[in-house]
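A look at the structure
What follows is each chain in one-letter form.
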Amino acid sequence: YNRGKYPFFDVIANTYDQLYLGYDSEMAMKNVAQAAKYTRGIMVTYDKAIVTTPYFGNSNGWTKSWKSVWGGTDKPWLQPVKAGYDSGRAKKGHGVGMSQRDAAIRADKEGLGFEELLKYYYTGVEVERVYL
């Protein structure tokens, strides 16, 4: 998302963009390195533009819209969706976008892949390879 936004780098050097745990963690968690390689260049788009896709720990059964939490302009891909596996739980995080807990359980119990999950939590989006 930040590609070309900054003059000397494309990723902010903190957990705002992502956290890299180093080579030793790649060796210890082979599936993570393989997943990163497989998904290289894949982005979530809405109306052909790369979009921000926030996520959080878990909801209380429903996600929230961008506008209801942060105000400003409504983001049509960030609308409330049911997060049934979170029902009855205390909310952890801002509640906008994808619930990590609900998504993990959906993947495990329902056999959903990452593209199906992304299209569920982010309304009307496409998941496409933008670069290699």
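In what follows, the structure referred to is the one given above.
Residues numbered from 1 in each chain as written. Predicted model: local features only at pLDDT ≥ 70, side-chain atom pairs only at ≥ 80, totals over all residues. Heavy atoms only, no water.

**Some thoughts on helix α5 (residues 114-121)**
- Taken together, the buried positions of α5 are occupied by Leu117, Leu118 and Tyr121. Along the axis of α5, the buried positions cluster into a sector of 100°, meaning they face one direction only.
- Those residues of α5 that are buried lie in contact with β1 (42-46), β4 (98-99), α4 (100-110) and β5 (126-129). (Buried < 20%, exposed > 50% of the residue type's maximum accessible area, 1.4 Å probe, protein only. Helix = DSSP H or I, 4+ residues; strand = E, 2+ residues; numbered from the N terminus. Arc of directions from axis to C-beta. Contact = heavy atoms within 4.5 Å.)

**Observations regarding the pairing of β1**
- Two elements, β1 and β5, share four bridges in a ladder whose sense is antiparallel. Paired with Ile42 across the two strands is Arg129, which belongs to β5.
- Two elements, β1 and strand β2 (residues 49-50), share two bridges in a ladder whose sense is antiparallel. Counted as the bridge partner of Thr45 is Ile50 from β2. (Pairing = 2+ DSSP bridges.)

**With respect to the nonpolar core**
- Formed by 14 residues in total, the largest nonpolar core has its most connected members in Trp77, Tyr121 and Tyr122.
- Take this core: its biggest share by element is three residues, from α5.
- Excluding anything up to four places from it in sequence, Tyr121 contacts Thr63, Trp77, Gln79, Val81, Gly97, Met98, Ser99, Asp102, Ala103 and Arg106. (Core = buried A, V, L, I, M, F, W, Y, C linked by side-chain atoms within 4.5 Å.)

Remember, this is a structural readout, not a statement about activity or role.
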